[in-house]
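The primary structure of each chain is shown beneath.
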Amino acid sequence: MEALLLGAGLLLGAYVLVYYNLVKAPPCGGIGNLRGRTAVVTGANSGIGKMTALELARRGARVVLACRSRERGEAAAFDLRQESGNNEVIFMALDLASLASVRAFATAFLSSEPRLDILIHNAGISSCGRTREAFNLLLRVNHIGPFLLTHLLLPRLKACAPSRVVVVASAAHRRGRLDFKRLDRPVVGWRQELRAYADSKLANVLFARELATQLEGTGVTCYAAHPGPVNSELFLRHVPGWLRPLLRPLAWLVLRAPRGGAQTPLYCALQEGLEPLSGRYFANCHVEEVPPAARDDQAAHRLWEASKRLAGLGPVEDAEPDEDPQPADSGAPSSLSSPNPKEPTEPPNPQSSPDLSKMTRRIQAKVEPETQLS
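Residues numbered from 1 in each chain as written. Predicted model: local features only at pLDDT ≥ 70, side-chain atom pairs only at ≥ 80, totals over all residues. Heavy atoms only, no water.

**Observations concerning the overall build of the protein**
When its secondary structure is counted, the protein shows 13 helices and eight strands. Counted over contacts in the protein with a minimum sequence separation of 6, partners at least 24 positions apart contribute 82%. Total accessible area on the protein is roughly 18,300 Å²; 57% of this is exposed by carbon and sulfur atoms. (Helix = DSSP H or I, 4+ residues; strand = E, 2+ residues; numbered from the N terminus. Contact = heavy atoms within 4.5 Å. Areas by Shrake-Rupley, 256 points an atom, 1.4 Å probe, with all protein chains shown as cover.)

Right, dumping it as structure tokens:
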């Protein structure tokens, strides 16, 4: 009996150590008052996205839930208005698998919303399920759709600068390896899905890196955020029905709740003084180093060019409009608009600053012929 109690005590102690050191997420601080600011959160009808939107709403932001399902999106907006006490939480339809839907969302948003201060790309899929498309569905939803949406909303982000873009990434990017010759090939079978998911997460990290380079000096900064191991719908969505009752208790014990998973994306969106760290990858609310494949500037630029073609961006659309409606001045105090932001808690990586290697890369990119991708 004593041995049994001792074993149980050791197991409990081990679990507490694992939970508080690996599972439990540090709370997000950052800006407390977001009144007069507007945020867009994709995939915000459940899980991490919903908890992210809830915290933004509690801090007074106008929050747009960009979701595929109208029924679930409007229900989530109602829940968040009730829970936050903020009536400025609305739903707008967005299906990232459809480039037409992305364009329709951008058109509707730009015609109805004068501000955009925070754009959080939270929506994503880990499997194609039963859907069969003539393209790489995982890359389309996890990267190409967000890439196009960012591009279309950039004029408004710049007009509201300082503003931020947060891409919810994953530690799975460490297993990614982009094959530019097969970038948009359809994915078939679970093995290919695992590979394609890791590739799409690597694309997220490289996108944030190149976007930071492209937007240097504009006042728009961007970050890749790993939410950690989270017990969300994404985890169980494609698990066989008979296995779910077995996995749910285990997931509850060893995975973070969605509220915990929202902390790092919120940190990247709200923490003061992160501007010098634009383009970097964050986990557990601090900057984290990435493997060489995720900090390859040439690969990041090549992915940028390939993504433009896959998103259907032509020369006319690449050019930004000469004029853009200026956002109404809310007069709300916010460190996002502070002229003297605090210094970051961690020193910026020299790789995130302009250097000769980036200048060389850009010169090489200009002289290389472009190949049209299907």
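Right, picking up where we left off after that structure.
**Quick notes on the sheet that holds strand β2 (residues 62-67)**
As summarised here, the arrangement of the eight strands in space is β3-β2-β1-β4-β5-β6-β7-β8, forming an open sheet in which the pairing is mixed. The open sheet has two edge strands with one neighbour each: β3 (89-93) and β8 (286-288). Neighbouring strand axes in the sheet, compared pairwise and without regard to direction, differ in orientation by 25 degrees on average. Across four bridges, strand β4 (residues 118-121) lies against strand β5 (residues 163-168) in parallel orientation. Its bridge partner lying in β5, I120 is registered against V166. Contacts from helix α2 (residues 47-58) reach β1 (38-42), β2, β3 and β4, with the element oriented near 170 degrees to β1. Helix α4 (residues 99-112) contacts β1, β2 and β3 of the sheet and is inclined by roughly 140 degrees relative to β3. (Pairing = 2+ DSSP bridges. Axes fitted to C-alpha atoms, helices over the stretch in contact; angles between N-to-C directions.)

**Looking at the pairing of strand β6 (residues 220-226)**
Counting buried positions along β6 yields seven of seven residues, so the element is predominantly enclosed. Alternating residues of β6 divide into V220, C222, A224 and H226 and T221, Y223 and A225, and every residue in both groups is buried. Alignment of β5 against β6, held across six bridges, turns out to be parallel. Looking at β6, one finds that V167 is bridged to A224. Read as a crossover between parallel neighbours, the route from β5 over helix α6 (residues 190-214) to β6 is right-handed. As judged from the three bridges shared by β6 and strand β7 (residues 281-283), these two strands associate in the parallel manner. Counted as the bridge partner of H226 is A283 from β7. (Buried < 20%, exposed > 50% of the residue type's maximum accessible area, 1.4 Å probe, protein only. Right-handed = clockwise from strand over helix to strand, strands pointing away.)

**A few points about the side chain of S163**
Along the chain, S163 turns up in strand β5. When its relative accessible area of 1% is taken as the criterion, S163 is described as buried. The residues contacting S163, other than those within four sequence positions of it, are L116, D117, L157, G219, V220 and T221.

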